[in-house]
Amino acid sequence: MKRMLITGKNKLTGTINIGGAKNSAVALLPAAILGSISKIKNVPNISDIDALIDILELLNCKTTLIDSELIIDATNLKNTLIPHKNSNRLRASYYFMGALLGREKYVEIYIPGGCNIGARPIDIHIDGFKALGATVDIDNDKYTLKADKLVGTDIFLRFQSVGATINIMLAATYAEGTTIIHNAAEEAEIINIAEFLNAMGAKITGAGTDCITIEGQQELHGAEISVLPDRIEAGTYIILGALIGDNLCIKNIISKHVEALTTKLKEMGVPLIINDDNIIVSSSDNLNPCNIKTLVYPGFPTDIGQPMSVLLTQANGTSLFEETIWENRMGHVPSLKKMGANIVVNGMSAIINGPTKLHGCEVIATDLRGGAALVLAALIAEGTTIITDVEHILRGYENIIEKLTNVGAKIELDEI
Ligand code: EPU
């Protein structure tokens, strides 16, 4: 088991360079099997990527990763069962459903894994595949999807699901005729995937809006794409700067993608200098409380809600933090309370009273973003905090120890 040892209270200054977006990269890698030889640039150095590369190799795709550039040769793809030990390592293994269904019209894969932040059904994905003409059998957590051919159609999502939008897009690239996804998710990552597919020869319009049109093609080829900057990693470190930064510069970002966050930070009185591709942020002793409600894009991102809750513990007064996407995104709260925070949870909402002094102790990372929230809390706490189960954090934050050490944090990783 890996743990982090963090000694708090050191002012952080300098520059943190943001990597490629996890939630885009984890879809771009499976998408590559729809073509031949592709190059994906700005791939983040996180364990979710290692897990996807293992699945690509299992499918007989050749992968070459040099620094952050990944070449995937899917020319000799061999369709095979994706076993539980691979599918369960991350959520995004489910993108092989859409990609393999598109290219091969046959998929056998076990249930995906991922953070325990809610029930996480995939019924919207499955309904989409069925609408395109696939049959889906589920037997003891094993999914078998097959179709003689996929036929484009109108698909209405009952919720703007990011995963279902991308998965249906992947399958529909190889359908006969036109597919229209209504009530599609609008996240920036979806535009990144559509750009890649279009560079491979797909014909997709409307990505980034709630209506995406895909004209099916008979064959796609290889292409090159750069993973867009990770707005969640950026948001996490911007919040860190608001907690204990001294002109901390968060670089290589698209500032527009973190606007929902910066709007709230301005409301709280956080000193920010916002440029197109970087944000400079400092802490303030006088933060206003603020109410946060997570929403689908372009609303306040659910993935930054937990880190943001740490900032709310430092505001002068009572803030309300409401999660609306995942049923179980309060896993970090018992740890924050152990560190001294005053938080009352009621279902998917929390009332946070601040400001409270936090102190170091031993806490557990229960999920990726909850774990990141604990790192932030530890960096402002008095004394040393030990965070266990940090494998969750390493799934989504590349080189976190190095990035934080470089700006003055005292943070170590060890294994027990
Ligand atoms: N939902 C269903 N049925 C479905 C799909 C989703 O009921 O078939 C529900 C979910 O249970 C949830 C809501 O719809 O309540 C949103 O789910 P969505 O499908 O949008 O989420 P996802 O695609 O599984 C991605 C990110 C998450 C991020 C959400 C929302 C990846 C691999 N994961 O998940 O990222 O929270 O979109 O933005 O892209 C994270 O990075 O920490 C993370 C959890």
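Peer 1: Any chance you could break down the sheet that holds strand S15 (residues 272-274) for me, citing the residues and the numbers?
Peer 2: Spatially, four strands are ordered S2-S14-S16-S15 in an open sheet, and the strand pairing comes out mixed. The outermost strands of the open sheet, each flanked by one partner alone, are strand S2 (12-17) and S15. Pairs of neighbouring strands in the sheet enclose a mean axial angle of 10°, with direction left out of account. Two strands pair when backbone bridges link them, and S15 and strand S16 (residues 278-281) are joined in this way by three bridges, in the antiparallel orientation. Counterpart to leucine 272 in the pairing with S16 is valine 281. Its contacts with the sheet place helix H8 (residues 231-244) against S2, strand S14 (245-251), S15 and S16, and it is angled at close to 170° to S14.

Peer 1: Describe the site of the ligand, and please don't skip the residues or the numbers.
Peer 2: With respect to spatial proximity, 24 residues lie near the ligand, and among them Ile124, Ser161, Gly163, Asp303 and Ile325 are the closest. Tryptophan 326 places a side-chain nitrogen or oxygen 3.0 Å from an oxygen atom of the ligand. Surface burial for the ligand is 92%, taken as the share of its 820 Å² of free accessible area covered by protein chains. Most atoms of the ligand, that is more than half of them, are within 2 Å of grid points of the largest pocket. Going through the elements one at a time, helix H1 (22-31), helix H5 (123-131), helix H6 (162-172), helix H10 (302-312) and helix H12 (368-380) are the ones with two or more residues in the shell around the ligand. A class-by-class count of the residues in the shell around the ligand yields eleven nonpolar, five polar and eight charged.

Peer 1: I'd love a proper account of the sheet that holds strand S13 (residues 224-226), names of residues and values included.
Peer 2: As summarised here, the arrangement of the four strands in space is S4-S5-S3-S13, forming an open sheet in which the pairing is mixed. Two strands in the sheet have a free side with no partner beyond their single neighbour: strand S4 (62-66) and S13. Each strand of the sheet is rotated relative to its neighbour by a mean of 15°, with strand direction disregarded. As paired elements, strand S3 (residues 37-41) and S13 share three bridges and run parallel to each other. Pairing of lysine 41 across the sheet is with serine 226, part of S13. Sheet strands touched by helix H2 (residues 47-58): S4 and strand S5 (69-73). Its angle to S4, the strand with the most contacts, is close to 150°.

Peer 1: Go over unusual backbone geometry with me, naming the residues and quoting the values.
Peer 2: With an omega of 10°, the peptide bond between tyrosine 297 and proline 298 qualifies as cis. Within the secondary structure layout, proline 298 lies in the loop between strand S17 (292-293) and H10. Of note, the amide linkage connecting glycine 354 to proline 355 takes the cis form, showing an omega dihedral of -5°. With respect to the secondary-structure elements, proline 355 resides in the loop between strand S20 (349-354) and strand S21 (362-364). For asparagine 252, which is not glycine, the phi torsion reads 65° and is therefore positive.

Each value, and the rule that gives it
- Residues numbered from 1 in each chain as written.
- Predicted model: local features only at pLDDT ≥ 70, side-chain atom pairs only at ≥ 80, totals over all residues.
- Heavy atoms only, no water.
- Pairing = 2+ DSSP bridges.
- Helix = DSSP H or I, 4+ residues; strand = E, 2+ residues; numbered from the N terminus.
- Axes fitted to C-alpha atoms, helices over the stretch in contact; angles between N-to-C directions.
- Contact = heavy atoms within 4.5 Å.
- Near = heavy atom within 4 Å.
- Polar contact = N/O pair within 3.5 Å; in protein donor to acceptor, adjacent residues only side chain to side chain.
- Areas by Shrake-Rupley, 256 points an atom, 1.4 Å probe, with all protein chains shown as cover.
- 1 Å grid on protein atoms, 1.4 Å probe; cavity = no way out; pocket = protein on both sides within 12 Å on 5 of 7 lines; lining within 4 Å.
- Sits in = over half its atoms within 2 Å of the grid points.
- Nonpolar A, V, L, I, M, F, W, Y, C, P; charged D, E, K, R; others polar.

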